[in-house]
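In case you want the letters, here they are:
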Amino acid sequence: MADIEFAAPRSVREAVKILAGAKGKAKVLAGGTDLLVQLRAGMVRPGLIVDIKQIPELSTIKKGKKGFEIGAAVPGAVLGANKAVLKAWPGVIEGLELIGSTQIQGRASLGGNLCNGSPAADSIPGMIAADATCKIVGPKGTRSSKVEDIVTGPGKTSLKKDEFVVSITLPERPKKSGDAYLRFIPRTEMDIAVVGAGVSLTLDKKGVCTHARVALGAVAPKPLLVKDGAKALIGTTVDAAALDALAAAASAACNPIDDKRGTIEYRTKVAGVLARRAAVIALERARA
Amino acid sequence: MAKHHVTTTINGDRTEFLCDTEQTLLDVLRDELGLTGSKEGCASGDCGACSVTMNGTLVCSCLVLAAEAQDAKFETIEGVASAEELHPIQRHFLQEAALQCGICTPGFIVATKALLEHNPDPTETEARYWLAGNLCRCTGYDKIIKAVMNAAAEMRGA
(Lines give C-alpha, C1' and ligand atoms only; values in the text may rest on other atoms or scores of the structure.)
Protein backbone atom coordinates (compact mmCIF):
# COMPACT_ATOMS: atom_id res chain seq x y z
CA MET A 1 0.00 0.00 0.00
CA ALA A 2 1.20 3.49 -0.85
CA ASP A 3 2.20 5.75 2.00
CA ILE A 4 -0.11 8.50 3.12
CA GLU A 5 1.44 11.94 2.92
CA PHE A 6 0.87 14.48 5.68
CA ALA A 7 0.91 18.27 5.65
CA ALA A 8 0.21 20.83 8.36
CA PRO A 9 0.06 24.18 6.53
CA ARG A 10 0.27 27.42 8.50
CA SER A 11 -1.96 29.54 6.27
CA VAL A 12 -5.17 29.18 4.29
CA ARG A 13 -3.29 30.02 1.11
CA GLU A 14 -0.74 27.27 1.73
CA ALA A 15 -3.51 24.76 2.49
CA VAL A 16 -5.34 25.64 -0.74
CA LYS A 17 -2.13 25.14 -2.71
CA ILE A 18 -1.43 21.76 -1.11
CA LEU A 19 -4.99 20.50 -1.65
CA ALA A 20 -5.07 21.73 -5.26
CA GLY A 21 -1.77 19.94 -5.92
CA ALA A 22 -2.82 16.63 -4.37
CA LYS A 23 -2.49 13.76 -6.81
CA GLY A 24 -4.79 11.26 -5.18
CA LYS A 25 -7.63 11.62 -2.72
CA ALA A 26 -6.92 14.14 0.02
CA LYS A 27 -8.63 14.31 3.39
CA VAL A 28 -8.78 17.42 5.53
CA LEU A 29 -8.05 16.74 9.20
CA ALA A 30 -9.75 18.85 11.84
CA GLY A 31 -10.26 17.09 15.20
CA GLY A 32 -9.84 13.65 13.62
CA THR A 33 -12.59 12.05 15.71
CA ASP A 34 -14.25 10.69 12.57
CA LEU A 35 -11.31 10.58 10.15
CA LEU A 36 -9.03 8.47 12.36
CA VAL A 37 -11.81 5.96 13.00
CA GLN A 38 -12.52 5.76 9.26
CA LEU A 39 -8.81 5.30 8.52
CA ARG A 40 -8.53 2.52 11.08
CA ALA A 41 -11.63 0.78 9.72
CA GLY A 42 -10.29 0.99 6.16
CA MET A 43 -13.29 3.08 5.10
CA VAL A 44 -11.01 5.75 3.64
CA ARG A 45 -7.52 5.49 2.19
CA PRO A 46 -6.37 8.99 1.22
CA GLY A 47 -3.06 9.75 -0.48
CA LEU A 48 -2.72 12.89 1.62
CA ILE A 49 -3.96 14.16 4.98
CA VAL A 50 -3.95 17.93 5.52
CA ASP A 51 -4.08 19.02 9.15
CA ILE A 52 -5.73 22.46 9.18
CA LYS A 53 -5.39 23.14 12.91
CA GLN A 54 -2.08 25.02 12.55
CA ILE A 55 -3.86 27.73 10.52
CA PRO A 56 -4.75 30.51 12.97
CA GLU A 57 -8.11 31.35 11.31
CA LEU A 58 -9.30 27.77 11.69
CA SER A 59 -8.85 27.82 15.46
CA THR A 60 -10.15 31.25 16.44
CA ILE A 61 -13.53 32.73 17.33
CA LYS A 62 -14.12 36.28 16.10
CA LYS A 63 -17.00 38.62 16.87
CA GLY A 64 -17.73 40.85 13.89
CA LYS A 65 -20.59 42.88 12.43
CA LYS A 66 -22.14 39.80 10.87
CA GLY A 67 -22.01 37.76 14.07
CA PHE A 68 -19.64 35.15 15.43
CA GLU A 69 -17.15 33.73 12.95
CA ILE A 70 -16.05 30.40 14.39
CA GLY A 71 -12.99 28.69 12.97
CA ALA A 72 -14.01 25.36 11.48
CA ALA A 73 -11.59 23.42 13.72
CA VAL A 74 -12.41 25.10 17.05
CA PRO A 75 -13.07 22.16 19.39
CA GLY A 76 -16.20 21.76 21.51
CA ALA A 77 -14.22 22.27 24.72
CA VAL A 78 -13.13 25.72 23.53
CA LEU A 79 -16.40 26.82 21.92
CA GLY A 80 -18.45 25.67 24.91
CA ALA A 81 -16.28 27.80 27.21
CA ASN A 82 -16.98 30.95 25.14
CA LYS A 83 -19.63 32.76 27.20
CA ALA A 84 -20.63 35.21 24.47
CA VAL A 85 -21.37 32.48 21.91
CA LEU A 86 -23.11 30.40 24.58
CA LYS A 87 -25.34 33.34 25.50
CA ALA A 88 -26.29 34.13 21.90
CA TRP A 89 -26.59 30.60 20.54
CA PRO A 90 -27.07 28.06 23.36
CA GLY A 91 -28.82 25.63 21.00
CA VAL A 92 -25.81 25.45 18.67
CA ILE A 93 -23.49 24.84 21.60
CA GLU A 94 -25.69 22.17 23.15
CA GLY A 95 -25.74 20.33 19.81
CA LEU A 96 -21.95 20.38 19.52
CA GLU A 97 -21.47 19.41 23.17
CA LEU A 98 -23.67 16.34 22.79
CA ILE A 99 -21.03 14.80 20.54
CA GLY A 100 -19.09 12.12 22.37
CA SER A 101 -17.13 12.25 25.61
CA THR A 102 -14.89 14.81 27.28
CA GLN A 103 -12.02 13.36 25.24
CA ILE A 104 -13.95 13.79 21.99
CA GLN A 105 -14.94 17.33 22.97
CA GLY A 106 -11.24 18.14 23.22
CA ARG A 107 -11.01 17.67 19.46
CA ALA A 108 -14.42 17.55 17.72
CA SER A 109 -15.42 20.73 15.87
CA LEU A 110 -18.39 22.27 14.06
CA GLY A 111 -16.49 22.17 10.77
CA GLY A 112 -15.51 18.54 11.18
CA ASN A 113 -18.98 17.46 12.20
CA LEU A 114 -20.44 19.28 9.20
CA CYS A 115 -17.96 17.99 6.61
CA ASN A 116 -18.15 14.41 7.87
CA GLY A 117 -21.62 14.55 6.33
CA SER A 118 -23.55 12.35 8.73
CA PRO A 119 -27.33 12.72 8.50
CA ALA A 120 -27.37 12.28 12.30
CA ALA A 121 -24.64 14.85 13.08
CA ASP A 122 -25.66 16.55 16.32
CA SER A 123 -24.29 20.01 15.58
CA ILE A 124 -25.87 20.47 12.14
CA PRO A 125 -29.60 21.00 12.94
CA GLY A 126 -28.66 23.73 15.45
CA MET A 127 -26.46 25.45 12.85
CA ILE A 128 -29.18 25.21 10.19
CA ALA A 129 -31.77 26.59 12.62
CA ALA A 130 -29.31 29.42 13.37
CA ASP A 131 -29.11 30.24 9.63
CA ALA A 132 -25.35 29.73 9.83
CA THR A 133 -23.15 30.19 6.78
CA CYS A 134 -19.80 28.64 5.91
CA LYS A 135 -16.78 30.36 4.44
CA ILE A 136 -15.29 27.94 1.93
CA VAL A 137 -11.95 28.31 0.18
CA GLY A 138 -10.54 26.62 -2.88
CA PRO A 139 -8.25 27.37 -5.81
CA LYS A 140 -10.91 29.67 -7.28
CA GLY A 141 -11.07 31.80 -4.15
CA THR A 142 -13.55 32.19 -1.35
CA ARG A 143 -17.24 31.43 -1.46
CA SER A 144 -20.04 31.32 1.02
CA SER A 145 -22.66 28.62 1.52
CA LYS A 146 -25.58 28.06 3.85
CA VAL A 147 -24.94 25.17 6.23
CA GLU A 148 -28.04 23.34 4.92
CA ASP A 149 -26.48 23.21 1.46
CA ILE A 150 -23.30 21.41 2.57
CA VAL A 151 -24.41 17.83 3.31
CA THR A 152 -25.94 16.19 0.24
CA GLY A 153 -26.27 12.61 1.51
CA PRO A 154 -24.68 10.21 4.00
CA GLY A 155 -20.94 11.04 4.02
CA LYS A 156 -21.33 13.32 0.99
CA THR A 157 -20.98 17.08 0.78
CA SER A 158 -21.23 19.81 -1.84
CA LEU A 159 -17.57 20.73 -1.27
CA LYS A 160 -15.30 20.21 -4.26
CA LYS A 161 -12.33 17.97 -3.67
CA ASP A 162 -9.89 20.86 -3.37
CA GLU A 163 -12.13 23.00 -1.14
CA PHE A 164 -12.43 23.19 2.62
CA VAL A 165 -14.47 25.08 5.21
CA VAL A 166 -12.53 27.85 6.95
CA SER A 167 -15.20 29.11 9.33
CA ILE A 168 -18.84 29.06 10.25
CA THR A 169 -20.67 32.30 10.97
CA LEU A 170 -23.55 32.42 13.41
CA PRO A 171 -25.45 35.63 12.60
CA GLU A 172 -25.99 38.62 14.84
CA ARG A 173 -28.86 37.93 17.21
CA PRO A 174 -31.88 40.27 17.53
CA LYS A 175 -33.26 40.79 21.02
CA LYS A 176 -35.90 38.33 22.25
CA SER A 177 -34.38 35.43 20.36
CA GLY A 178 -33.76 31.90 21.52
CA ASP A 179 -32.64 28.57 20.12
CA ALA A 180 -32.47 24.98 21.31
CA TYR A 181 -31.40 21.54 20.15
CA LEU A 182 -32.72 18.25 21.44
CA ARG A 183 -31.91 14.75 20.36
CA PHE A 184 -33.35 11.40 21.24
CA ILE A 185 -31.06 8.50 22.09
CA PRO A 186 -31.93 5.34 24.04
CA ARG A 187 -29.25 6.16 26.66
CA THR A 188 -28.27 9.31 28.53
CA GLU A 189 -24.87 9.85 26.87
CA MET A 190 -22.51 8.65 24.13
CA ASP A 191 -24.86 7.68 21.36
CA ILE A 192 -25.91 8.58 17.83
CA ALA A 193 -29.09 10.60 17.42
CA VAL A 194 -32.21 8.60 16.53
CA VAL A 195 -33.78 12.00 15.91
CA GLY A 196 -32.39 15.50 16.45
CA ALA A 197 -34.34 18.76 16.33
CA GLY A 198 -33.10 22.35 16.31
CA VAL A 199 -35.35 25.40 16.56
CA SER A 200 -34.44 29.09 16.53
CA LEU A 201 -37.00 31.86 16.90
CA THR A 202 -37.37 35.59 17.50
CA LEU A 203 -40.31 37.34 19.18
CA ASP A 204 -41.55 40.92 18.85
CA LYS A 205 -42.51 43.13 21.80
CA LYS A 206 -45.95 41.54 22.02
CA GLY A 207 -44.47 38.05 22.07
CA VAL A 208 -45.44 37.21 18.50
CA CYS A 209 -42.93 35.08 16.61
CA THR A 210 -41.45 37.13 13.77
CA HIS A 211 -38.73 34.76 12.62
CA ALA A 212 -38.20 31.04 13.02
CA ARG A 213 -36.11 28.26 11.58
CA VAL A 214 -36.61 24.57 12.25
CA ALA A 215 -34.17 21.78 11.37
CA LEU A 216 -34.14 18.03 11.85
CA GLY A 217 -31.37 15.44 11.93
CA ALA A 218 -31.35 11.64 11.53
CA VAL A 219 -34.72 11.51 9.78
CA ALA A 220 -33.58 11.78 6.13
CA PRO A 221 -30.41 11.18 4.07
CA LYS A 222 -29.24 14.63 5.16
CA PRO A 223 -30.09 17.14 7.89
CA LEU A 224 -33.27 18.98 6.89
CA LEU A 225 -34.42 22.58 6.98
CA VAL A 226 -38.16 22.30 7.69
CA LYS A 227 -39.69 25.44 6.18
CA ASP A 228 -43.26 24.41 7.03
CA GLY A 229 -42.18 24.10 10.66
CA ALA A 230 -41.05 27.72 10.64
CA LYS A 231 -44.30 28.77 8.94
CA ALA A 232 -46.26 27.09 11.71
CA LEU A 233 -44.57 29.34 14.28
CA ILE A 234 -44.24 32.71 12.52
CA GLY A 235 -47.11 35.07 13.28
CA THR A 236 -48.21 33.12 16.35
CA THR A 237 -47.45 33.49 20.05
CA VAL A 238 -46.09 29.92 19.84
CA ASP A 239 -49.25 28.68 21.53
CA ALA A 240 -50.55 25.12 21.67
CA ALA A 241 -52.08 25.28 18.20
CA ALA A 242 -48.81 26.56 16.69
CA LEU A 243 -46.83 23.83 18.45
CA ASP A 244 -49.27 21.21 17.13
CA ALA A 245 -48.81 22.58 13.63
CA LEU A 246 -45.00 22.57 14.12
CA ALA A 247 -45.03 18.94 15.28
CA ALA A 248 -47.17 17.93 12.29
CA ALA A 249 -44.86 19.78 9.88
CA ALA A 250 -41.76 18.18 11.41
CA SER A 251 -43.23 14.68 11.16
CA ALA A 252 -44.38 15.35 7.59
CA ALA A 253 -40.83 16.34 6.57
CA CYS A 254 -39.32 13.01 7.66
CA ASN A 255 -37.98 10.43 5.26
CA PRO A 256 -36.04 8.24 7.68
CA ILE A 257 -34.31 4.90 7.55
CA ASP A 258 -35.71 1.91 9.40
CA ASP A 259 -33.08 0.32 11.62
CA LYS A 260 -32.48 -1.23 15.02
CA ARG A 261 -32.20 2.18 16.66
CA GLY A 262 -35.53 3.47 15.38
CA THR A 263 -38.24 2.41 12.96
CA ILE A 264 -39.64 4.78 10.34
CA GLU A 265 -42.85 5.23 12.32
CA TYR A 266 -40.96 5.87 15.54
CA ARG A 267 -38.52 8.42 14.11
CA THR A 268 -41.37 10.21 12.34
CA LYS A 269 -43.39 10.50 15.53
CA VAL A 270 -40.40 11.50 17.69
CA ALA A 271 -39.36 14.22 15.21
CA GLY A 272 -42.65 16.01 15.91
CA VAL A 273 -42.31 15.57 19.66
CA LEU A 274 -38.73 16.85 19.76
CA ALA A 275 -39.41 19.80 17.44
CA ARG A 276 -42.23 20.85 19.77
CA ARG A 277 -40.09 20.48 22.91
CA ALA A 278 -37.14 22.31 21.32
CA ALA A 279 -39.49 25.15 20.31
CA VAL A 280 -40.75 25.43 23.89
CA ILE A 281 -37.16 25.72 25.19
CA ALA A 282 -36.26 28.24 22.47
CA LEU A 283 -39.37 30.23 23.42
CA GLU A 284 -38.40 30.28 27.11
CA ARG A 285 -34.91 31.45 26.16
CA ALA A 286 -36.34 34.17 23.89
CA ARG A 287 -38.57 35.44 26.69
CA ALA A 288 -35.75 35.35 29.28
CA MET B 1 7.63 8.71 1.56
CA ALA B 2 10.14 9.44 4.27
CA LYS B 3 8.99 9.24 7.84
CA HIS B 4 7.98 12.41 9.68
CA HIS B 5 10.45 13.76 12.21
CA VAL B 6 8.45 15.04 15.17
CA THR B 7 9.70 17.06 18.13
CA THR B 8 7.39 17.19 21.09
CA THR B 9 7.29 17.37 24.89
CA ILE B 10 6.06 14.39 26.89
CA ASN B 11 5.76 14.66 30.67
CA GLY B 12 8.10 17.62 30.58
CA ASP B 13 10.80 15.90 28.54
CA ARG B 14 11.66 17.08 25.06
CA THR B 15 11.13 14.01 22.88
CA GLU B 16 11.84 13.29 19.24
CA PHE B 17 10.55 10.42 17.14
CA LEU B 18 10.02 9.30 13.58
CA CYS B 19 6.58 8.18 12.44
CA ASP B 20 4.44 7.29 9.44
CA THR B 21 1.30 9.33 8.75
CA GLU B 22 -1.04 6.52 9.75
CA GLN B 23 0.61 5.95 13.12
CA THR B 24 -1.43 7.34 15.99
CA LEU B 25 0.05 9.07 18.98
CA LEU B 26 -0.89 5.97 20.98
CA ASP B 27 1.06 3.73 18.56
CA VAL B 28 4.14 5.92 18.99
CA LEU B 29 3.82 6.23 22.77
CA ARG B 30 3.58 2.48 23.18
CA ASP B 31 5.61 1.00 20.34
CA GLU B 32 8.32 3.60 19.67
CA LEU B 33 8.78 5.37 23.01
CA GLY B 34 8.09 2.46 25.39
CA LEU B 35 5.43 4.40 27.29
CA THR B 36 3.05 1.46 27.60
CA GLY B 37 0.94 2.88 30.43
CA SER B 38 -1.61 4.26 27.94
CA LYS B 39 -3.68 1.31 26.77
CA GLU B 40 -5.39 0.48 23.51
CA GLY B 41 -8.92 -0.67 24.28
CA CYS B 42 -11.03 0.14 21.25
CA ALA B 43 -8.82 2.25 18.94
CA SER B 44 -11.90 4.25 18.02
CA GLY B 45 -12.23 6.85 20.79
CA ASP B 46 -14.99 5.03 22.65
CA CYS B 47 -13.23 3.58 25.71
CA GLY B 48 -10.80 6.24 26.96
CA ALA B 49 -8.07 3.75 27.98
CA CYS B 50 -5.57 5.74 25.91
CA SER B 51 -6.44 9.12 27.49
CA VAL B 52 -3.65 11.70 27.62
CA THR B 53 -3.64 15.48 27.75
CA MET B 54 -2.50 17.41 24.68
CA ASN B 55 -1.63 21.05 25.46
CA GLY B 56 -3.69 20.63 28.62
CA THR B 57 -6.78 19.20 26.91
CA LEU B 58 -7.96 15.67 27.56
CA VAL B 59 -7.93 13.60 24.35
CA CYS B 60 -7.85 9.99 23.21
CA SER B 61 -4.33 9.35 21.95
CA CYS B 62 -5.77 6.78 19.52
CA LEU B 63 -7.56 9.65 17.76
CA VAL B 64 -4.47 11.86 17.39
CA LEU B 65 -2.02 11.28 14.56
CA ALA B 66 1.55 11.12 15.82
CA ALA B 67 2.47 13.63 13.13
CA GLU B 68 0.13 16.13 14.80
CA ALA B 69 2.31 16.03 17.93
CA GLN B 70 4.85 18.48 16.50
CA ASP B 71 5.44 21.24 19.09
CA ALA B 72 2.65 19.96 21.36
CA LYS B 73 2.93 19.16 25.06
CA PHE B 74 1.61 15.87 26.39
CA GLU B 75 1.02 14.43 29.82
CA THR B 76 0.57 10.67 30.06
CA ILE B 77 -0.06 8.29 32.96
CA GLU B 78 3.72 7.94 33.31
CA GLY B 79 3.92 11.59 34.39
CA VAL B 80 1.26 11.43 37.11
CA ALA B 81 3.27 10.05 40.06
CA SER B 82 6.35 11.83 41.32
CA ALA B 83 9.62 9.92 41.73
CA GLU B 84 8.90 9.49 45.45
CA GLU B 85 5.20 8.87 45.75
CA LEU B 86 1.92 8.15 44.04
CA HIS B 87 -0.40 10.98 43.10
CA PRO B 88 -3.38 11.29 45.50
CA ILE B 89 -5.69 10.11 42.69
CA GLN B 90 -3.62 6.93 42.30
CA ARG B 91 -3.56 6.39 46.05
CA HIS B 92 -7.34 6.71 46.33
CA PHE B 93 -7.86 4.31 43.41
CA LEU B 94 -5.82 1.76 45.37
CA GLN B 95 -7.56 2.49 48.66
CA GLU B 96 -11.01 2.11 47.17
CA ALA B 97 -9.98 -0.92 45.07
CA ALA B 98 -11.28 1.06 42.09
CA LEU B 99 -9.88 -1.43 39.61
CA GLN B 100 -9.85 -5.10 38.84
CA CYS B 101 -8.18 -5.96 35.54
CA GLY B 102 -6.56 -2.51 35.36
CA ILE B 103 -6.71 -1.87 31.62
CA CYS B 104 -8.96 1.16 32.02
CA THR B 105 -7.16 2.53 35.08
CA PRO B 106 -4.46 4.71 33.45
CA GLY B 107 -7.11 6.40 31.32
CA PHE B 108 -9.36 6.95 34.33
CA ILE B 109 -6.52 8.46 36.34
CA VAL B 110 -5.43 10.81 33.55
CA ALA B 111 -9.07 11.82 32.92
CA THR B 112 -9.67 12.35 36.65
CA LYS B 113 -6.57 14.54 36.92
CA ALA B 114 -7.86 16.64 34.01
CA LEU B 115 -11.28 16.85 35.69
CA LEU B 116 -9.87 18.07 38.99
CA GLU B 117 -7.64 20.63 37.28
CA HIS B 118 -10.74 21.91 35.46
CA ASN B 119 -13.14 21.61 38.38
CA PRO B 120 -11.60 20.91 41.82
CA ASP B 121 -15.00 20.42 43.47
CA PRO B 122 -17.16 18.35 41.11
CA THR B 123 -20.49 16.88 42.10
CA GLU B 124 -20.81 13.14 41.67
CA THR B 125 -22.97 13.76 38.59
CA GLU B 126 -20.35 16.08 37.08
CA ALA B 127 -17.64 13.48 37.75
CA ARG B 128 -19.74 10.73 36.16
CA TYR B 129 -20.44 12.82 33.02
CA TRP B 130 -16.80 13.92 32.71
CA LEU B 131 -15.70 10.29 32.92
CA ALA B 132 -18.43 8.97 30.59
CA GLY B 133 -15.80 8.48 27.90
CA ASN B 134 -13.85 6.05 30.09
CA LEU B 135 -15.27 2.56 30.07
CA CYS B 136 -14.68 0.00 32.82
CA ARG B 137 -16.10 -3.48 32.41
CA CYS B 138 -15.07 -4.74 35.86
CA THR B 139 -15.98 -2.38 38.66
CA GLY B 140 -19.42 -1.05 37.85
CA TYR B 141 -17.96 2.44 38.35
CA ASP B 142 -19.09 3.06 41.94
CA LYS B 143 -15.66 2.40 43.43
CA ILE B 144 -14.04 4.57 40.77
CA ILE B 145 -16.39 7.45 41.50
CA LYS B 146 -15.78 7.06 45.23
CA ALA B 147 -12.02 7.22 44.63
CA VAL B 148 -12.44 10.30 42.43
CA MET B 149 -14.57 12.10 45.02
CA ASN B 150 -12.16 11.20 47.84
CA ALA B 151 -9.15 12.34 45.81
CA ALA B 152 -10.93 15.59 44.98
CA ALA B 153 -11.65 16.20 48.66
CA GLU B 154 -8.05 15.51 49.65
CA MET B 155 -6.64 17.69 46.89
CA ARG B 156 -8.91 20.57 47.93
CA GLY B 157 -7.64 20.13 51.47
CA ALA B 158 -11.14 19.30 52.61
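Computed from a predicted structure; not experimentally measured. (Residues numbered from 1 in each chain as written. Chains lettered and ligands numbered in written order. Predicted model: local features only at pLDDT ≥ 70, side-chain atom pairs only at ≥ 80, totals over all residues.)

Side note on the interface of chain A and chain B
Thinking step 1. Listed per partner, the contact involves 23 residues of chain A and 26 residues of chain B.
Thinking step 2. Those elements giving two or more residues to the side of chain A that touches chain B turn out to be β1 (5–7), α2 (35–40), β3 (48–51) and α6 (102–105) of chain A.
Thinking step 3. The biggest single contributor to the side of chain A that touches chain B is α2(A), with four residues.
Thinking step 4. Across the side of chain A that touches chain B, the residue classes tally to ten nonpolar, seven polar and six charged. (Contact = placed C-beta atoms within 7 Å. Helix = DSSP H or I, 4+ residues; strand = E, 2+ residues; numbered from the N terminus. Nonpolar A, V, L, I, M, F, W, Y, C, P; charged D, E, K, R; others polar.)

Looking at the pairing of strand β12 (residues 195–203) of chain A
Residues and elements named next belong to chain A.
Thinking step 1. Most of β12 is tucked away, with nine of its nine residues classed as buried.
Thinking step 2. On β12, burial covers both faces: Val195, Ala197, Val199, Leu201 and Leu203 on one face and Gly196, Gly198, Ser200 and Thr202 on the other are all buried.
Thinking step 3. The pairing of strand β11 (residues 177–184) with β12 spans eight bridges and is antiparallel. Across the sheet, the residue bridging to Leu182 is Ala197, located in β12.
Thinking step 4. Pairing of β12 with strand β13 (residues 209–217), which is carried by eight bridges, proceeds in the antiparallel orientation. Paired with Ala197 across the two strands is Leu216, which belongs to β13. (Buried ≥ 20, exposed ≤ 12 C-beta atoms within 10 Å, placed from the backbone. Pairing = 2+ DSSP bridges.)

Some details on the sheet that holds strand β2 (residues 13–19) of chain B
Residue and element names in this part refer to chain B.
Thinking step 1. Within the open sheet, the five strands sit side by side as β2-β1-β5-β3-β4. Their pairing is mixed. Every interior strand has two partners, whereas the edge strands, β2 and β4 (57–60), have only one. Along the sheet, successive strands turn relative to each other by an average axial angle of 40°, direction set aside.
Thinking step 2. Sheet topology places strand β1 (residues 4–10) next to strand β5 (residues 73–75); two bridges connect them, and they run parallel. (Axes fitted to C-alpha atoms, helices over the stretch in contact; angles between N-to-C directions.)

Some words on the domain arrangement of chain B
How big an interface is tends to be expressed through the accessible area that disappears when the partners come together.
All names here are of chain B.
Thinking step 1. In terms of domains, chain B is made up of domain 1 (4–79) and domain 2 (88–156).
Thinking step 2. Using only C-alpha atoms to locate each centre, domain 1 and domain 2 end up separated by 21 Å.
Thinking step 3. With 13 residues of domain 1 in contact, the opposing surface of domain 2 contributes eleven residues.
Thinking step 4. The element that contributes the greatest number of residues to the side of domain 1 that touches domain 2 is strand β3 (residues 51–54), accounting for three residues.
Thinking step 5. For the side of domain 1 that touches domain 2, the residue count by class is six nonpolar, six polar and one charged. (Domains from an automatic or database assignment.)

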